[in-house]
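Listed below are the residues making up each chain.
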Amino acid sequence: MLNRIIIMGRLVRDPELRTTQSGVSVTSFTLAVDRDFKSRDSGEKSTDFIDVVAWRQTAEFVCKYFTKGRMAVAEGRLQLRDWKDRDGNNRRSAEVVADNVYFADSKRDSAGDSYGSPPPYGAPAYGGQSSGGYGAPGGYGAPSGDSSGFAEIDDQDGDLPF
């Protein structure tokens, strides 16, 4: 049996870290996920609002580095929960229980982030996973004096490699 789901969307609000009575960290947040197709009637894409729950180090990571409007990728499993509302009616909710949450926007897009910079690429961010996309991969430093990781090409060379 297989139950894996990967979704990418923008956080609807800032996640808040909570703890269970036994001291386990947990957070829940909602991702606004655009559908791939446009409506016939309006010609606009519809948006689904998908609830996500993260536990332990993943929850702490999300609360520390993600804010409302940030693009995120959540990877985990789909879980259905049955519950009763205040009127005693049976309800069912679907949510993603996230094993991993990744950055899906560029570092430049998050420059105004009030939580500071995320860990550098390759550094364990949560559960031993890398945060991805921030800084040069291990062993590949930028040329001296240039922090972008790209070197200026001399236009005067004249010899083209093709």
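Residues numbered from 1 in each chain as written. Predicted model: local features only at pLDDT ≥ 70, side-chain atom pairs only at ≥ 80, totals over all residues. Heavy atoms only, no water.

**Student:** Lay out unusual backbone geometry in plain terms, naming residues and giving numbers.
**Tutor:** With glycine set apart, most residues show a phi of negative sign, and most peptide bonds adopt trans. Within the chain, R56 stands out as a residue other than glycine whose phi angle is a positive 55°. By the secondary structure assignment, R56 is in helix α1 (residues 56-65). (Helix = DSSP H or I, 4+ residues; strand = E, 2+ residues; numbered from the N terminus.)

**Student:** Which residues make up the pairing of strand β1 (residues 5-11), and what are the values?
**Tutor:** As paired elements, β1 and strand β5 (residues 71-84) share 6 bridges and run antiparallel to each other. Bridge pairing in β5 places M8 opposite V73. In this structure, β1 lies alongside strand β3 (residues 25-38), joined through 2 bridges in antiparallel fashion. Note that in β3 the partner of R10 across the bridge is A32. (Pairing = 2+ DSSP bridges.)

**Student:** So what's going on with the environment of L31? Which residues, and what values?
**Tutor:** Along the polypeptide, L31 turns up in strand β3. A relative accessible area of 0% places L31 in the buried class. Residue contacts for L31: discarding those within four places in its chain leaves I7, G9, R10, L11, V12, D48, F49, I50, V52, A72 and A74. (Buried < 20%, exposed > 50% of the residue type's maximum accessible area, 1.4 Å probe, protein only. Contact = heavy atoms within 4.5 Å.)

**Student:** Can you break down the packing of aromatic side chains residue by residue, with the values?
**Tutor:** Following the criterion strictly, the structure yields 5 aromatic pairs and no others. Plain terms: the ring middles of Y65 and F103 are 6.5 Å apart, the flat faces sit at 70° to each other, and that makes the pair edge-to-face. Linking Y65 in helix α1 with F103 in strand β6 (residues 90-103), this pair joins segments that are 38 residues apart in sequence. Consider the rings of F66 and F103, whose centres lie 4.7 Å apart with planes at 15°: the pair is stacked. Residue F66 is located in the loop between α1 and β5, and its partner F103 is located in strand β6; the two are separated by 37 residues in the primary sequence. In this structure F66 comes out as buried when scored by relative accessible area, which is 1%. (Phe/Tyr/Trp six-rings, centres within 6.5 Å; stacked < 30°, edge-to-face > 60°.)

**Student:** Outline the confidence of the model for the protein chain, supporting the account with residue identities and numerical values.
**Tutor:** A residue-level look at the protein chain finds 65% of positions with pLDDT of 70 or above and a mean pLDDT of 77. Of all secondary-structure elements in the protein chain, the lowest mean pLDDT belongs to strand β8 (residues 129-130), at 41, while β1 reaches the highest, 95. Every residue in residues 112-117 is under pLDDT 50, and counting partners more than four places away or in other chains gives 8 contacts. In the model, residues 120-144 has pLDDT below 50 throughout and makes 45 contacts with residues more than four positions away in sequence or in other chains. (pLDDT = per-residue confidence, 0-100.)

**Student:** An account of the pattern of salt bridges is needed here, citing residue identities and associated values.
**Tutor:** A full pass over the atoms with the stated rule returns 7 salt bridges. A salt bridge links R4 to D99, with the shortest nitrogen-to-oxygen separation between them at 2.6 Å. On the criterion of sequence distance, the pair formed by R4 in the segment before β1 and D99 in strand β6 is long-range, its members being 95 residues apart. The class for D99 is partly exposed, based on a relative accessible area of 38%. Here E95 and R81 are joined by a salt bridge, their closest N and O atoms 3.1 Å apart. Taken together, the positions of E95 in strand β6 and R81 in strand β5 put the pair 14 residues apart, joining distant regions of the chain. Residue classification places E95 among the buried residues on the basis of a relative accessible area of 10%. The network of salt bridges with shared partners includes R4, E75 and D99. (Salt bridge = Lys/Arg side-chain N within 4 Å of Asp/Glu carboxyl O.)

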